[in-house]
Amino acid sequence: MQPLIDTFGRVHKDLRISVTDRCNFRCQYCMPEEGMVWLDRSEILTFDEIYRIANILVERFGLESIRLTGGEPTLRRELHVLVSRLASLGVELSMTTNGATLERHAVDLFEAGLTRINISLDTLDRQKFVELTRRDQLQQVIEGIDAAKQAGFDPVKVNVMLMKGINDTEIIDFLEFGRTSDVVIRFIEFMPLDAGEEWSQDRVVAASEIMDQVTEHYRSESLERGSSPAERFRFEPKSDVSSDLGENAQWGEFGIIASVSEPFCESCDRIRLTSDGQLRNCLFALEHLDLRALLRGGGTDEQLAKAIVEEVEAKRSGHNIGQVYFIRPSKSMSQVGG
Ligand code: SF4
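Now for a look at the structure at hand. (Residues numbered from 1 in each chain as written. Predicted model: local features only at pLDDT ≥ 70, side-chain atom pairs only at ≥ 80, totals over all residues. Heavy atoms only, no water.)

**A word on the overall build of the chain**
In step 1: Scanning the chain from terminus to terminus reveals 11 helices and 12 strands.
In step 2: For the chain, the C-alpha radius of gyration of 20 Å lies close to 20 Å, the compact-globule estimate for 338 residues.
In step 3: Taken along the three principal axes of its C-alpha coordinates, the chain extends 65 × 45 × 40 Å.
In step 4: Of the contacts formed within the chain by residues at least 6 apart in sequence, a portion of 72% connects residues at least 24 apart.
In step 5: Accessible area of the chain: about 14800 Å², with a carbon and sulfur share of 48%.
In step 6: One finds the centroid of the 39 positive side-chain charges in the chain at a distance of 4 Å from the centroid of its 56 negative side-chain charges. (Helix = DSSP H or I, 4+ residues; strand = E, 2+ residues; numbered from the N terminus. Rg over C-alpha atoms; globule rule 2.2 N^0.38 Å. Contact = heavy atoms within 4.5 Å. Areas by Shrake-Rupley, 256 points an atom, 1.4 Å probe, with all protein chains shown as cover. Lys, Arg positive; Asp, Glu negative; His and termini not counted. Charge placed at Lys NZ, Arg CZ, Asp CG, Glu CD.)

Okay, structure coming up:
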């Protein structure tokens, strides 16, 4: 077994797999109201093809974890079947979902071998939820979070993409939501991957601004990070605040994924597989390896492995956001798979 190392010495052990480009939400920062031009089913990798690529990465390169994404992964039929096949590879299996259909799927996915789950939720306000996602489904997402906890996922994480002037006023509400309902909040900085190309630096809520709000209300301590993209903290209300909260003064946990203001590319261990079989060595990659063509062209495992090594060796040092030479990738978040 040889590790999958790029020219900066980063060892790649985590694969993000987008299992569909389709989504049941129309988040403003992700896709237009009418949706995207969806890929035809014949263009999407089959479960056999996904399993074969994952198996090569596990067997030959010691892949340790896989995260399933989309679009919205639960829209892929029989997803639990794919989960149980990937779980048989012995890797840690997680998923990012918008949670709207989780009440139906949580138990099947947990029993099939999914071990970790992140639910994207950018506001706790119903009206704002409708404006942001163009769907009136906040209640379904909240019920999805409960269903995930009931099913046995622990911890359940809630991903909150913060945008200035939209939901940066809800940071404390989310921390209280997380602390009192025993879920871990992950604040994510807004990245230039929106289909509408409306991203700008001044819409980013930087990690330092989040911490300013946290320290105003809470005592917080850093937690070990590892190769996780999130900087992690535990927090509790300050003594002068806890009196108001009474018995509810227990500790909570949150994290910040500061891709823009505090990039963590130097410790990146991730590669991505899009739903149509492109291998991308970075979320902001400008090129990709067409693994589907190799697969459907009769490529051997040897040839696939060799192509994967070359693609990882071609990885740039980082995303260069904020640099004059930064180039936006042609694919948006829902097409790359987060
Ligand atoms: S931007 Fe690219 S290199 Fe940086 S952490 Fe993300 S995937 Fe890794």
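On we go from here.
**A word on the nonpolar core**
In step 1: I66, L86, F187 and F254 are the most contacted members of the largest nonpolar core, which totals 103 residues.
In step 2: When residues in this core are grouped by element, the largest group, 8 residues, is from helix α1 (residues 47-61).
In step 3: The contact partners of L86, leaving out residues within four places of it in the chain, are I17, I50, Y51, A54, I66, L68, V91 and L93. (Core = buried A, V, L, I, M, F, W, Y, C linked by side-chain atoms within 4.5 Å. Buried < 20%, exposed > 50% of the residue type's maximum accessible area, 1.4 Å probe, protein only.)

**Description of the packing of helix α3 (residues 102-112) against helix α5 (residues 138-151)**
What describes two packed helices is the angle between their axes and the distance between those same axes.
In step 1: It is the contact of α3 with α5, at a shortest axis distance of 8 Å, that shows an interaxial angle of 20°. Taken together, the axes of α3 and α5 are roughly parallel relative to one another. The chirality of how α3 crosses α5 is right-handed. Across the interface between the two elements, L102, E103, A106, V107 and F110 from α3 touch E143, G144, A147, A148 and A151 from α5.
In step 2: Taken together, the residues of the contact of α3 with α5 break down into 7 nonpolar, 1 polar and 2 charged. (Axes fitted to C-alpha atoms, helices over the stretch in contact; angles between N-to-C directions. Parallel < 35°, antiparallel > 145°, perpendicular 65-115°, else oblique. Left-handed = near helix turned anticlockwise from the far one by under 90°. Nonpolar A, V, L, I, M, F, W, Y, C, P; charged D, E, K, R; others polar.)

**As for the packing of α1 against helix α2 (residues 79-87)**
In step 1: Two elements in contact, α1 and α2, have axes whose closest approach is 10 Å; the angle formed by their N-to-C orientations is 25°. Relative to α2, the element α1 is oriented roughly parallel. Helix-helix and strand crossings are classified by hand; for α1 and α2 the assignment is right-handed. Residues F47, D48, I50, Y51 and A54 of α1 touch α2, and the partners they reach there are L79, V81, L82, R85 and L86.
In step 2: Across the contact of α1 with α2, the residue classes tally to 8 nonpolar, no polar and 2 charged.

**Things to note about the layout of surface pockets**
In step 1: Considered as a void within the structure, the second largest pocket measures approximately 230 Å³ in volume.
In step 2: Lining the second largest pocket, in full, are V19, T20, D21, R22, R41, I44, L45, T46, L75, R76 and R77.
In step 3: The class makeup of the residues in the lining of the second largest pocket is 4 nonpolar, 2 polar and 5 charged. (1 Å grid on protein atoms, 1.4 Å probe; cavity = no way out; pocket = protein on both sides within 12 Å on 5 of 7 lines; lining within 4 Å. Points joined across faces, edges and corners; volume = space filled by probe spheres on them.)

**Concerning the site of the ligand**
In step 1: For the ligand, the full set of nearby residues is F264, C265, C268, R270, R272, C282, L283, F284, K315 and H319.
In step 2: For the shell around the ligand, the per-class residue count stands at 6 nonpolar, 1 polar and 3 charged. (Near = heavy atom within 4 Å.)

**Concerning the state of the cysteines**
In step 1: The full count for this structure, using the stated rule, is 0 disulfides.
In step 2: Between C23, a cysteine without a disulfide, and C27, which holds the nearest cysteine sulfur, the sulfur-to-sulfur distance is 6.3 Å.
In step 3: C23 gets classed as buried once you look at its relative accessible area, which sits at 14%.
In step 4: Given the relative accessible area of 14%, C27 is considered buried. (Disulfide = S-S within 2.5 Å.)

**Quick word on the side chain of R67**
In step 1: By the element assignment, R67 lies in strand β2 (residues 65-69).
In step 2: Polar contacts involving the side chain of R67 include one to the side chain of T96, which spans 2.9 Å.
In step 3: The contacts of R67, once residues within four sequence positions are left out, are D14, L15, R16, I17, S94, M95, T96, R116 and N118. (Polar contact = N/O pair within 3.5 Å; in protein donor to acceptor, adjacent residues only side chain to side chain.)

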